[in-house]
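Listed below are the residues making up each chain.
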Amino acid sequence: MVVGTTTGPAGPMPERRPRITSDRRRVTVLGATGSIGASTLDLIGRHPDRFDVEALTAHRQADRLAELALAFKPRFVAIADPDRLPELRARLSGTGIAVAGGAAAVVEAADRPADWVMAAIVGMAGLAPTLAALRRGATVAFASKECLVSAGPLMLTVAEQHGATLLPVDSEHNAIFQVLQDQAVDGVERIVLTASGGPFRTWSLEDMARASPAEAVAHPNWSMGAKISVDSATMMNKGLELIEAAYLFDQPSDRISILVHPQSVIHSMVAYCDGSVLAQLGTPDMRTPIAYTLAWPERMPAPSERLDLSTIGRLTFEAPDPGRFPALSLARAALEAGGSAPAVLNAANEVAVAAFLGRRIGFMDIIDVISSTQQSMGTQPLESLDQVTDIDARSRAVADEAVSDRRR
Ligand code: NDP
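Residues numbered from 1 in each chain as written. Predicted model: local features only at pLDDT ≥ 70, side-chain atom pairs only at ≥ 80, totals over all residues. Heavy atoms only, no water.

*Asks:* How would you explain the site of the ligand if you had to name every residue and give the values?
*Replies:* Around the ligand, a shell composed of 24 residues is seen, among which Thr33, Arg60, Gln61, Glu146 and Gly225 lie nearest. The contact in question runs from an oxygen atom of the ligand to an N or O atom on the backbone of Ser35, over 2.9 Å. Interatomic distance of 3.5 Å between a backbone N/O atom of Ala143 and an oxygen atom of the ligand. When the free accessible area of the ligand is taken as 900 Å², the share hidden by the protein chains comes to 87%. Of all the elements in the fold, those that place two or more residues in the shell around the ligand are α1 (35-46) and α6 (145-161). (Near = heavy atom within 4 Å. Polar contact = N/O pair within 3.5 Å; in protein donor to acceptor, adjacent residues only side chain to side chain. Areas by Shrake-Rupley, 256 points an atom, 1.4 Å probe, with all protein chains shown as cover. Helix = DSSP H or I, 4+ residues; strand = E, 2+ residues; numbered from the N terminus.)

Listed below in structure tokens is the structure:
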């Protein structure tokens, strides 16, 4: 079962499952060493009576993965970079925890029999493991937005075919999901995705062109990994979320709008045909939406700071500025073009953000790299997951070339 793929304008919600509080749940965390991984394991660690950890994965941070394995005692750990396997193996020898390395080991982790899987690997590297979890019909708490942007309709079809349940983790989509859980979905008129505006909300274009990676990752409200922090600074994050929302909730582009809300208190809203607007509010702490997916369809306690609107005093809103944040228009155009366009957008963005973080291009070059890659690649129908992988690889090669051009 999957969010928003069958009937009704907003699609159906997954059916509520039986109560889970009395059952122990077996969970796997893909991307355990990242920011979402840390928030997830923080919650799991607070409820040892409710969760057993099946598998944990990382890319290169063998030390951190070993620490987590010693603390959470999973049956299996996988490190994607095989060069880090000997270190991981040495740290975990004698513990009885099975250890493996390489991209296939991460897929194996996802394939192991956990009831609930957190998909929090950054970028398209998360696609194969997430598909493995979906193909065995797991409940997948879904953070890896890049995979859904690139392979959305195909991924949702895999989930549906295998009876998997996708629960959105991204705070905006989780907010919409929470609102839709208790409401009739056929009266939805519009989805409003809120955006903090990122660290450069009030910066001039000239200052943005000179921005350093340290300035770009210094998000005013959220503590997140480097890639999504840069995406927030360009507002490509909101562009990716627009595409994610269109796929998850089965809505056309013109029924999803973006509203800048610098306090990040309202995490998103749903407007209904009778004029009602429903929202989910909270302090900016990912443990709240993650807790919702961990306990769904019930609720569990999370230690997030409680919302005190009298202290906050004022909530403000403004329209996004398309001149300083062209990523929004690029993403909307990719959604409307359909086919391979979102996959090209995502691949070019991943390459450009990595180049910016490596100080190989400037901040505003990120947009130039994406649009020149889009122009070179064009748009074609997307019919298979193999085709997604092929388009992703070719777009990365074109974007790499565009990065090199900017350095000459
Ligand atoms: P981080 O960079 O903090 O963590 C990324 C995780 O992915 C790490 O565990 C990393 O391992 C692992 N990883 C990276 N590359 C690979 C690879 N090639 N193969 C296997 N594992 C890999 O990212 P975040 O936690 O911030 O974000 C994760 C995902 O969640 C992203 O898609 C992001 O857009 C999304 N998201 C994040 C939010 C947040 O608040 N952070 C909010 C909403 C969505 P290692 O540590 O070893 O490098």
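Text resumes after the structure shown.
*Asks:* Just give me the short version of the sheet that holds strand β11 (residues 277-281), but keep the residues and values in it.
*Replies:* Strands sit in the order β9-β8-β10-β11 across an open sheet of 4 strands; the sheet is mixed. Only two strands of the sheet have a single partner each, and these edge strands are β9 (256-260) and β11. Averaged over all pairs of adjacent strands, the angle between strand axes in this sheet comes to 20°, irrespective of strand direction. Relative to strand β10 (residues 266-272), strand β8 (residues 188-195) is paired through 4 bridges, and the arrangement is antiparallel. Its bridge partner lying in β10, Val192 is registered against Met269. Running at roughly 155° to β8, helix α11 (residues 236-248) makes contact with β8 and β9 of the sheet. (Pairing = 2+ DSSP bridges. Axes fitted to C-alpha atoms, helices over the stretch in contact; angles between N-to-C directions. Contact = heavy atoms within 4.5 Å.)

*Asks:* Account for helix α17 (residues 385-407), naming residues and giving values.
*Replies:* With 23 residues, α17 ought to run about 33 Å at 1.5 Å a step, and its terminal C-alpha atoms sit 33 Å apart, in line with that. Those residues of α17 not exposed but buried are Leu385, Gln387, Val388, Ile391, Asp392, Ser395, Ala399, Ala402 and Val403. (Expected span 1.5 Å × (residues − 1). Buried < 20%, exposed > 50% of the residue type's maximum accessible area, 1.4 Å probe, protein only.)

*Asks:* Give me the lowdown on the sheet that holds strand β6 (residues 139-142), citing residues and values where you can.
*Replies:* One open sheet holds the 7 strands; their spatial order is β4-β3-β2-β1-β5-β6-β7, and the pairing between them is parallel. Strand pairing shows two members of the sheet lacking a second neighbour, β4 (98-101) and β7 (165-168), which therefore form its edges. In this sheet, neighbouring strand axes are inclined to one another by 20° on average, regardless of whether the strands run parallel or antiparallel. Bridging between strand β5 (residues 116-119) and β6 involves 4 bridges; their strand directions are parallel. The residue bridging Trp116 from the neighbouring strand is Thr139, located in β6. Across the face of the sheet, α1 comes into contact with β1 (25-30), β2 (51-58) and β5 while running at roughly 160° to β1.

*Asks:* Provide a residue-level description of the packing of helix α14 (residues 327-337) against helix α15 (residues 341-357), including the pertinent values.
*Replies:* Remark: α14 packs on α15, axes separated minimally by 7 Å, with the N-to-C direction vectors making an angle of 150°. One way to sum up the angle between α14 and α15 is to call them roughly antiparallel. Across the interface between the two elements, Leu330, Ala331, Ala334 and Ala337 of α14 pack against Ala341, Pro342 and Leu345 of α15. Grouping the amino acids of the contact of α14 with α15 by side-chain chemistry returns 7 nonpolar, no polar and no charged. (Parallel < 35°, antiparallel > 145°, perpendicular 65-115°, else oblique. Nonpolar A, V, L, I, M, F, W, Y, C, P; charged D, E, K, R; others polar.)

*Asks:* Please set out unusual backbone geometry residue by residue, giving values where relevant.
*Replies:* The omega torsion across Trp296 and Pro297 is 10°, close enough to zero to call that bond cis. With respect to the secondary-structure elements, Pro297 resides in the loop between α12 (287-295) and α13 (309-312). One non-glycine residue with positive phi stands out, namely Lys73, at about 50°. Among the structural elements, Lys73 can be located in the loop between α2 (62-72) and β3 (76-79). Classification of Lys73 by relative accessible area gives exposed; the value is 61%. With a phi close to 50°, Ser264 is a non-glycine residue in the positive phi region. In this structure, Ser264 sits in the loop between β9 and β10.

*Asks:* Pulling in residues and values, what's your account of the side chain of Glu241?
*Replies:* Tracing the chain through its elements places Glu241 in helix α11. For Glu241, a relative accessible area of 1% gives the class buried. When near neighbours in sequence (up to four residues on either side) are disregarded, Glu241 contacts Lys145, Asp170, Glu172, His173 and Leu193.

*Asks:* Could you give an account of the packing of aromatic side chains, naming the residues involved and the relevant values?
*Replies:* Evaluated as defined, the whole model comprises 5 aromatic pairs. Centre to centre, the rings of Phe177 and Trp296 are 6.3 Å apart; their planes meet at 40°, and the pair counts as tilted. In this pair, Phe177 is assigned in helix α7 (residues 171-181) and Trp296 in the loop between α12 and α13, connecting sequence segments 119 residues apart. Accessibility classification places Phe177 together with Trp296 in one group, the buried group. Ring-pair connections join several aromatic residues into one group, and the members of that group are Phe200, Trp203, Phe356 and Phe363. (Phe/Tyr/Trp six-rings, centres within 6.5 Å; stacked < 30°, edge-to-face > 60°.)

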